[in-house]
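Observations on chain architecture
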Amino acid sequence: MTEILVHDVAAGDIPTDRRVVDHPAWPALKNAVEEIRPWQSKDGSIDFDTEGAPSRAAARATLDRVIAAVEELSPLLPHDDAYHRALVMDLRRWATDGFGVPDFLDSLLAFQPAKDRTDGLQHLVVFAMYTQNGNPDRNLEAVALRMVWPEWLAELEATRYDNPLFCGITFEGFTSGYDTNSAVLFPETVAVREAPERFSWGGIFCDREAARFRRVTEASVDLLGVELPDDIRAMVGDQQRCEQAFVLWDMVHDRTHSHGDLPFDPFMIKQRQPFWMYGLEELRCDLTAFKEAVKLEADGFPQGRDVQYAVLFDRMFRFPVTGERVRNYDGLGGQLLFAYLHKHDVIRWTDNTLRIDWGRAPQVTNQLCTEIEKLYRDGIDRPKLVHWFAAYELVSTYLAPHPGSRWAKGPDALDLSQPPRKLVDDVLPDEFPLSMFYEALSKKLKNVIASTKGITAADAERAAA
């Protein structure tokens, strides 16, 4: 195995003499974007007939400031030259077309970050877009970011986990749409006239994921009296190690959506399905990352052990109590993992203390992964509705359904003359409510969870200090 190298954006071990965010054009760009955002409608257009709307001349003047800032910053990033030129054209066309629904297809196609994942490489991104788990409207956003692609990760991607579209990234600076819970940069979110046949990249901010993981885990461990092994306690206290864990977790998770015994559309983008199907798919990908992390630890990669506990703690502590309860499929996956480990005596809540059998945790977590994989494999031979019921049975073996659920009563309680997508209407918004344990934990962690909105690595380091 090659020497494992460590990349630390927060500590500044990458060249900073040409940082985008240190250039005076960066605050000028942010200010202009922030001026435009309140003028925009949900679809990104500007309605000049509404109260408080600017004049067309004022909107054009502010957009000109955006363009000028992009053009001033672009020479810092010669690898993005084609994208920035296309971006300027898209911005000018938006103004020429009267600030209707924006179209950034040409610049989106020109932006190809996955083609050069050099560690520490900067990008300046401007799009009209919504931010997943953040702002649902297609507002103009500006983001300065860096690639995270250390040599050990590049080697793993090349030899074990091929994922040529995956981009690990960290924040350098951002506008209001990212002062939220969003930790991804996905091309699907950009306003375009038509969706491309396929997308060629996807970015995940490992620094934000690591920072909120650390804050919630530290609070949960203290609250629940968990006794952590020394090396795991050290990992939770180390932003750099957590970033390394998350970029590896995310890379394996992302590729898992297209690997294994799968339905034709594992993302289920164009399908209407009960939300527990989405929950199982996300949990399957996380548990696959966990399973691979066990192998990596055995092969001498220290990040492998860190990934295992990042998956366990984020899934058990943060996911179930984060976000609304309406169709919260990530929360469902976290509840299921906790309940499975509890039923198999890996975790016990006694004397107001959460005890974890560290020795058995990997084996039993992998066992749940095997059960989900078997569900998928068997599902290939089942009609859709039968597969949904089989998945429901797996989840309800460990989680109690809502007492008013029609699905819990079985097929006889549903009108099976309807197509399956119509039966989704019979799924309750919170089909599997929180247990008493999580109801109490949710109340106690409420303020901690809220404090992670918009969190950055710098925030995490300041809090630790």
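Before reading on, note that the structure itself is shown above.
Residues numbered from 1 in each chain as written. Predicted model: local features only at pLDDT ≥ 70, side-chain atom pairs only at ≥ 80, totals over all residues. Heavy atoms only, no water.

On to the overall build of the chain, then. From N to C terminus, the chain includes 16 helices and 7 strands. A compact globule built from 465 residues should have a C-alpha radius of gyration of about 23 Å, and the chain, at 23 Å, falls within 12% of that. Overall size of the chain, expressed as C-alpha extent along the three principal axes, is 65 × 60 × 40 Å. Looking at the chain as a whole, 54% of its 465 residues are labelled buried. (Helix = DSSP H or I, 4+ residues; strand = E, 2+ residues; numbered from the N terminus. Rg over C-alpha atoms; globule rule 2.2 N^0.38 Å. Buried < 20%, exposed > 50% of the residue type's maximum accessible area, 1.4 Å probe, protein only.)

With that out of the way, let us pick up the sheet that holds strand E3 (residues 166–174). Strand order across the open sheet formed by 5 strands is E1-E2-E3-E5-E4, with mixed pairing between neighbours. Either end of the sheet is taken by a strand with one partner, and the two such strands are strand E1 (122–129) and strand E4 (184–185). Of the strand pairs in this sheet, E3 and strand E5 (residues 202–205) are connected by 4 bridges, and their pairing is parallel. Directly across from phenylalanine 166, in E5, lies its bridge partner glycine 202. The strands touched by helix H6 (residues 206–224) within the sheet are E3 and E5, with E3 carrying the most contacts at an inclination of about 75 degrees. (Pairing = 2+ DSSP bridges. Contact = heavy atoms within 4.5 Å. Axes fitted to C-alpha atoms, helices over the stretch in contact; angles between N-to-C directions.)

This paragraph deals with helix H8 (residues 239–256). Its 18 residues place the ends of H8 26 Å apart at the C-alpha level, agreeing with the 26 Å of an ideal helix rising 1.5 Å per residue. Burial of H8 is extensive: 15 of the 18 residues sit out of reach of the surface. With a side-chain oxygen lying 3.0 Å from the backbone nitrogen of glutamine 240, the N-terminal cap of H8 falls on aspartate 238. (Expected span 1.5 Å × (residues − 1). Polar contact = N/O pair within 3.5 Å; in protein donor to acceptor, adjacent residues only side chain to side chain.)

A separate point is the packing of aromatic side chains. Applying the stated criterion across every chain yields a total of 31 aromatic pairs. Plain terms: the ring middles of tryptophan 94 and phenylalanine 99 are 5.0 Å apart, the flat faces sit at 70 degrees to each other, and that makes the pair edge-to-face. The pair formed by tryptophan 94 and phenylalanine 99 is uniform in burial state, with each residue classed as buried. Centre to centre, the rings of tyrosine 178 and phenylalanine 205 are 5.7 Å apart; their planes meet at 70 degrees, and the pair counts as edge-to-face. Here tyrosine 178 is found in the loop between E3 and E4, whereas its partner phenylalanine 205 is found in strand E5, with 27 residues between them in sequence. By relative accessible area, which is 0% here, tyrosine 178 ends up buried. (Phe/Tyr/Trp six-rings, centres within 6.5 Å; stacked < 30°, edge-to-face > 60°.)

It is characteristic of soluble globular proteins that their nonpolar side chains tend to be buried jointly. By size, the foremost hydrophobic cluster in this structure holds 90 residues, and its most contacted members are Val226, Leu248, Trp276, Phe313, Met316, Phe317 and Trp407. Counting residues per element, this core draws most heavily on helix H9 (residues 275–298), which supplies 10 residues. Apart from residues no more than four positions distant in its own chain, tryptophan 407 is found in contact with Pro274, Trp276, Leu385, Trp388, Phe389, Tyr392, Leu414, Leu423, Asp426, Val427 and Glu431. Within the second largest apolar cluster, 54 residues are counted, among which are Val33, Leu63, Val126 and Met129. (Core = buried A, V, L, I, M, F, W, Y, C linked by side-chain atoms within 4.5 Å.)

Further remarks concern the environment of valine 148. Note on placement: valine 148 falls in the loop between strand E2 (139–147) and helix H5 (151–159). Distance in space between the C-alpha atoms of valine 148 and glutamate 243 is 9.2 Å, their sequence separation being 95 residues.

All right, on to the pairing of E5 then. Neither face of E5 is left uncovered, since the one carrying Gly202 and Ile204 and the one carrying Gly203 and Phe205 both have all their residues buried. Summarising the sheet, E4 and E5 pair through 2 bridges and their orientation is antiparallel. Of the residues in E5, the one forming a bridge with valine 184 is isoleucine 204.

As a further point, take the environment of glycine 331. In this structure, glycine 331 sits in helix H11 (residues 329–343). The spacing of glycine 331 and arginine 318 is 13 residues in sequence and 8.3 Å in space, taken between C-alpha atoms. Those residues in contact with glycine 331, other than ones at most four positions away along the chain, are Phe319 and Pro320.

It is the rolling of a water-molecule-sized probe over the atoms that shows where space remains empty. The tally for this structure, following the rule as stated, stands at 2 cavities of 30 Å³ or more. Within this model, the largest cavity holds a volume of roughly 40 Å³. If you go around the largest cavity, the residues you meet are Phe111, Pro113, His123, Leu145, Met147, Cys167, Ile169, Leu185, Trp201 and Gly203. Elements supplying a minimum of two residues to the lining of the largest cavity: E2 and E3. Within the lining of the largest cavity, the residues separate by chemical class into 8 nonpolar, 2 polar and no charged. (1 Å grid on protein atoms, 1.4 Å probe; cavity = no way out; pocket = protein on both sides within 12 Å on 5 of 7 lines; lining within 4 Å. Points joined across faces, edges and corners; volume = space filled by probe spheres on them. Nonpolar A, V, L, I, M, F, W, Y, C, P; charged D, E, K, R; others polar.)

To continue, consider the side chain of serine 107. Within the fold, serine 107 resides in helix H4 (residues 105–110). Using a relative accessible area of 0% as the deciding quantity, one classes serine 107 as buried. A distance of 2.6 Å separates polar atoms of two side chains, one belonging to serine 107 and the other to aspartate 90. Not counting residues within four places of it along the chain, the set of residues in contact with serine 107 comprises Tyr83, Ala86, Leu87, Asp90 and Phe127.

Time to look at the pattern of salt bridges. With the rule as written, the count across this model stands at 33 salt bridges. One salt bridge in this structure joins aspartate 430 and arginine 325, with 3.0 Å as the shortest N-O distance. Taken together, the residues aspartate 430 in the loop between helix H14 (420–423) and helix H15 (436–451) and arginine 325 in the loop between helix H10 (302–318) and H11 connect sequence positions 105 residues apart. (Salt bridge = Lys/Arg side-chain N within 4 Å of Asp/Glu carboxyl O.)

In contact at an axis separation of 8 Å, H8 and H9 are set at 125 degrees when each is read in the N-to-C sense. By the angle between their axes, H8 is oblique relative to H9. For the crossing formed where H8 meets H9, the hand is right-handed. Of the residues in H9, those touching H8 at Leu248, Trp249, Val252, His253 and Thr256 are Glu282, Arg284, Cys285, Asp286, Thr288, Ala289, Glu292 and Leu296. (Parallel < 35°, antiparallel > 145°, perpendicular 65-115°, else oblique. Left-handed = near helix turned anticlockwise from the far one by under 90°.)

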